[in-house]
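# Structural overview for review
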Amino acid sequence: MYCTVEDILARHSVEVVRKLTQVGGSPAQLDYERVRVAIQDASAVIDQKLHTRYVVPISGSDVLRKIAIDISVYYLHRNRHDNEVPKEVKNVYIAAIEFLDAVRDGRESIPGAVERAANSRVIITNEPSRRFTDKIIKEM
């Protein structure tokens, strides 16, 4: 995760975040799980945007922490029952996505992030280990 619930609360008041996590007639307390889900979604977007250029997840980046907070707050607004996102929040979200696109395309960079080797490809699989190992092939 690129940010925490505490990071969001450091930039936005508990009252604002509490209101963003209320759904319908839900209790008047902050729903930490809704905030964590928004953070997970924001982190997934960041990884998806940057995985072709950098080894993800990227740790210790203050820039990505701010981006994750901005995207998370946008998701909290968007997922409310009224589905209304204030223009300022939407503009900050758009700027965050544009920045991630610029990083992906090489126009911006993330200090301290580990770049992928040139011509490397990302392959993600959940297949079991190989059926035909070198040892089995030699014995054939």
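Structure: see above.
Since this is a predicted model, take the numbers as computed values, not measurements.

If you walk through the whole model with that rule in mind, you get three aromatic pairs. Measuring from centroid to centroid gives 3.8 Å for Tyr74 and Tyr93, while their planes differ by 10 degrees, and the two rings are stacked. Taken together, the residues span a long stretch of sequence, with Tyr74 in helix 4 (residues 62-78) and Tyr93 in helix 5 (residues 87-104) at a distance of 19 residues. Taken together through their ring pairs, the aromatic side chains of Tyr74, Tyr75 and Tyr93 make up a single cluster.

Another point: the pattern of salt bridges. In this structure the tally under the stated criterion is 11 salt bridges. One salt bridge connects Glu15 with Arg18, and the closest N-O pair in it is separated by 2.4 Å. You can see Glu15 and its partner Arg18 sitting in helix 2 (residues 14-21), three residues apart, about one turn around the helix. On the basis of relative accessible area, Arg18 is assigned to the buried category, the value being 14%. Between Lys19 and Glu15 there is a salt bridge, and its shortest N-O distance comes to 3.9 Å. With Lys19 and Glu15 both in helix 2, this residue pair falls four residues apart, about one helical turn. One salt-bridge network, in which partners are shared between bridges, spans Lys49, Asp101, Arg104, Asp105 and Arg107.

Grouped together as the largest cluster of nonpolar side chains are 33 residues, with contacts concentrated most on Ile46 and Ile71. Elements supplying a minimum of two residues to this core: helix 1 (5-11), helix 2, helix 3 (32-50), helix 4 and helix 5. Here this core takes nine residues from helix 4, the largest share from any one element.

Turning next to helix 2. Among the residues of helix 2, Val17, Arg18, Leu20 and Thr21 are the ones counted as buried. In an axial view of helix 2, the angular spread of the buried residues amounts to 160 degrees, which keeps them on one side of the axis. At its buried positions, helix 2 is contacted by helix 1, helix 3 and helix 4.

Attention now moves to the side chain of Lys49. Examined against the element boundaries, Lys49 turns out to sit in helix 3. Classification of Lys49 by relative accessible area gives buried; the value is 15%.

Where helix 3 meets helix 4, the axes come as close as 8 Å, and the angle between the chain directions of the two elements is 125 degrees. When the axis of helix 3 is compared with that of helix 4, the two are oblique. Crossing geometry of helix 3 relative to helix 4 is assigned as right-handed. Residues Arg34, Val35, Ala38, Ile39, Asp41, Ala42, Val45, Ile46 and Leu50 of helix 3 touch helix 4, and the partners they reach there are Leu64, Ile67, Ala68, Ile71, Ser72, Tyr75 and Leu76.

A few words now on the packing of helix 3 against helix 5. Two elements in contact, helix 3 and helix 5, have axes whose closest approach is 8 Å; the angle formed by their N-to-C orientations is 30 degrees. Relative to helix 5, the element helix 3 lies roughly parallel. Counted together, Val45, Ile46, Lys49 and Leu50 of helix 3 and Ile97, Leu100, Asp101, Val103 and Arg104 of helix 5 form the full contact between these two elements. Taken together, the residues of the contact of helix 3 with helix 5 sort by class into six nonpolar, no polar and three charged.

Cut-off values and rules
Residues numbered from 1 in each chain as written. Predicted model: local features only at pLDDT ≥ 70, side-chain atom pairs only at ≥ 80, totals over all residues. Heavy atoms only, no water. Phe/Tyr/Trp six-rings, centres within 6.5 Å; stacked < 30°, edge-to-face > 60°. Helix = DSSP H or I, 4+ residues; strand = E, 2+ residues; numbered from the N terminus. Salt bridge = Lys/Arg side-chain N within 4 Å of Asp/Glu carboxyl O. Buried < 20%, exposed > 50% of the residue type's maximum accessible area, 1.4 Å probe, protein only. Core = buried A, V, L, I, M, F, W, Y, C linked by side-chain atoms within 4.5 Å. Arc of directions from axis to C-beta. Contact = heavy atoms within 4.5 Å. Axes fitted to C-alpha atoms, helices over the stretch in contact; angles between N-to-C directions. Parallel < 35°, antiparallel > 145°, perpendicular 65-115°, else oblique. Left-handed = near helix turned anticlockwise from the far one by under 90°. Nonpolar A, V, L, I, M, F, W, Y, C, P; charged D, E, K, R; others polar.

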